[in-house]
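# Tertiary structure, described
The residues making up each chain are set out below.
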Amino acid sequence: MNLRDDRAGRLILSLRQRGVTDPRVLAAMESVDRAVFVHEKFLDQAWEDQALPIDCAQTISQPFIVGLMTQALDVQARHRVLEIGTGSGYQCAVLARLARYVYSVERYRSLLAEAEGRLRTLEIDNVITRHGDGGLGWIEQAPFDRIMVTAASPHEPTELLKQLKPNGVLVCPVGRTSVQILHRYVGQGDGSFRRESLTEVRFVPLVEGMATEP
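Criteria and cut-off values
Residues numbered from 1 in each chain as written. Predicted model: local features only at pLDDT ≥ 70, side-chain atom pairs only at ≥ 80, totals over all residues. Heavy atoms only, no water. Helix = DSSP H or I, 4+ residues; strand = E, 2+ residues; numbered from the N terminus. Rg over C-alpha atoms; globule rule 2.2 N^0.38 Å. Buried < 20%, exposed > 50% of the residue type's maximum accessible area, 1.4 Å probe, protein only. Contact = heavy atoms within 4.5 Å. Areas by Shrake-Rupley, 256 points an atom, 1.4 Å probe, with all protein chains shown as cover. Lys, Arg positive; Asp, Glu negative; His and termini not counted. Charge placed at Lys NZ, Arg CZ, Asp CG, Glu CD. Phe/Tyr/Trp six-rings, centres within 6.5 Å; stacked < 30°, edge-to-face > 60°. Lys NZ or Arg CZ within 6 Å of the ring centre and 35° of its normal. Arc of directions from axis to C-beta. Polar contact = N/O pair within 3.5 Å; in protein donor to acceptor, adjacent residues only side chain to side chain.

A word on the overall build of the protein. Along the protein, the regular secondary structure elements total six helices and nine strands. Taking 214 residues into account, the globule formula puts the C-alpha radius of gyration at 17 Å, and the protein, at 16 Å, falls close to it. For the protein, the spread of C-alpha atoms along the three principal axes comes to 50 × 40 × 35 Å. Classification of the 214 residues of the protein by burial places 49% in the buried group. For the protein, the share of sequence-separated contacts (at least 6 apart) that also reach a separation of at least 24 residues comes to 52%. For the protein, the accessible area works out to roughly 10,100 Å², and carbon and sulfur atoms hold 49% of it. Taken together, the 25 basic and 27 acidic charged side chains of the protein have centroids lying 3 Å from each other.

Pasting the structure below:
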């Protein structure tokens, strides 16, 4: 066993002990080399269970939160998933291991270009990306089976819920302060949604519009 496999194995064991127990999610996370997505100066921390900084004052999420959100989304093999906030591309890569297609929107052009390069490095070819305002979703490709939001919405994500299939699932942190509540919205088939509150989280805010350079 090499060092990467050893660190990945210990991280997966830790996630399982903390409640991320879906074997498909754990296998997807173990198969995606997180070191590809972190800055060179943080490579020694790539497999630790913590968030790490990336460009544009953003972060690559803590593996436990990635696992928890992915498990809550309940992605199946034929699903089309919308991801709001490509960031480093790590969460996107995990989703791509589980879904038929992932549509990912990022407001920072430079982050998107770097994430696209990382996905190519891992030969992930079922991700479609877009530089745009994540709060608006991707209406031309809607409806989606699943939607994941990787930034904190200041209010209920009503525009994104409109782009979800009647029995779909949306996972999103919601709140205006530095600590938010991770919500899971489950479509009831009649246009209404059942909301579950999962845990407290800390995400960067979901900002309207596309970023100026970078």
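For the coordinates displayed, the defined rule picks out three aromatic pairs. Relative to Trp 138, the ring of Tyr 103 lies with its centre 5.5 Å away and its plane at 90°, an arrangement referred to as edge-to-face. With Tyr 103 in strand β4 (residues 101-106) and Trp 138 in the loop between β5 (127-131) and β6 (144-149), this pair connects stretches of sequence that are 35 residues apart. Exposure class is identical for Tyr 103 and Trp 138. Each is buried. Aromatic rings pair up to connect Tyr 103, Trp 138 and Phe 144 into one cluster. One cation-aromatic arrangement involves Arg 34 over Tyr 90; the distance from NZ or CZ to the ring centre is 5.5 Å. One Lys or Arg, Arg 107, reaches over the ring of Tyr 108 and ends 5.2 Å from the middle of that ring.

Once that is clear, we can look at helix α2 (residues 23-31). Within α2, burial applies to Val 25, Leu 26, Ala 28 and Met 29. All buried residues of α2 fall inside an arc of 160° around its axis, so they share one side. Two or three places before Arg 24, at the start of α2, stands the capping residue Asp 22, its side-chain oxygen 2.9 Å from that residue's backbone nitrogen.

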